[in-house]
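Structural overview
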Amino acid sequence: MPVPGDTIRGTYREAIQLASGRCALVENAQEFTLVPWRPVIARSLGREIVGLVTEGGISWQIGRDLPPGRRQAALGPSQRMTGLGSE
């Protein structure tokens, strides 16, 4: 389970419905992470996303479809997601 200070980085591949709620599958090389799904992630299907785990949830940055070294746009406070999905 991610702890505050951890970074979640990878490509958003799909949304998965679990008994505990909807999750986003984030793939990085041969690993994957399930994170709470949020509408802001849905717009990023197939794109790189980066999340910083905080005490209050996950603060997301959504990558652009640009070559490696691409600039990532930070989300404003109204777009930051909260909740780690397991309580």
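Residues numbered from 1 in each chain as written. Predicted model: local features only at pLDDT ≥ 70, side-chain atom pairs only at ≥ 80, totals over all residues. Heavy atoms only, no water.

Our focus in this paragraph is the overall build of the chain. In terms of helices and strands, the chain carries one helix and seven strands. For the chain, the sequential pattern of α-helices and β-strands runs β-β-β-α-β-β-β-β. The burial tally for the chain puts 32% of its 87 residues in the buried class. A total of about 5,600 Å² of accessible surface is found on the chain, and carbon and sulfur atoms cover 50% of it. (Helix = DSSP H or I, 4+ residues; strand = E, 2+ residues; numbered from the N terminus. Buried < 20%, exposed > 50% of the residue type's maximum accessible area, 1.4 Å probe, protein only. Areas by Shrake-Rupley, 256 points an atom, 1.4 Å probe, with all protein chains shown as cover.)

Once that is clear, we can look at unusual backbone geometry. Of note, the phi angle at Ala29 is positive, near 60°, even though the residue is not glycine. In this structure, Ala29 sits in the loop between β2 (21–28) and β3 (31–36). A residue is classified by how much of its surface remains accessible, and Ala29, at 69% relative accessible area, is exposed.

Within the largest apolar cluster, 13 residues are counted, with the highest numbers of intra-cluster contacts made by Ile8, Val35, Ile41, Ile49 and Trp60. Of all the elements in the fold, those that place two or more residues in this core are β1 (7–18), β2, α1 (39–42), β4 (48–54) and β5 (57–63). The element that contributes the greatest number of residues to this core is β5, accounting for three residues. (Core = buried A, V, L, I, M, F, W, Y, C linked by side-chain atoms within 4.5 Å.)

The sheet contact formed by β1 and β2 spans seven bridges and is antiparallel. Across the sheet, Leu18 pairs through a bridge with Gly21, a residue of β2. Joining the antiparallel neighbours β1 and β2 is a turn of two residues. For β2 and β3, the ladder comprises six bridges, and the chain directions are antiparallel. Residue Glu27 lies in a different strand from β3, and its bridge partner there is Phe32. Between the antiparallel neighbours β2 and β3 lie two residues, among them Ala29 with a positive phi of about 60°. (Pairing = 2+ DSSP bridges.)

Side chains that differ in sign of charge can pair as their charged atoms come close. All told, the structure shown has two salt bridges when counted by the stated rule. Salt-bridge contacts for Arg9 lead to Glu48; the nearest nitrogen and oxygen are separated by 3.1 Å. One end of the pair, Arg9, is in strand β1; the other, Glu48, is in strand β4, with 39 residues separating them in the sequence. For Arg9, a relative accessible area of 42% puts it in the partly exposed group. Here Arg13 makes a salt bridge to Glu27, at a shortest N to O gap of 2.6 Å. Note that Arg13 is positioned in strand β1 and Glu27 in strand β2, a separation of 14 residues in sequence. Relative accessible area serves as the criterion here: at 42%, Arg13 is assigned to the partly exposed category. (Salt bridge = Lys/Arg side-chain N within 4 Å of Asp/Glu carboxyl O.)

Geometric values such as these leave the question of function open.
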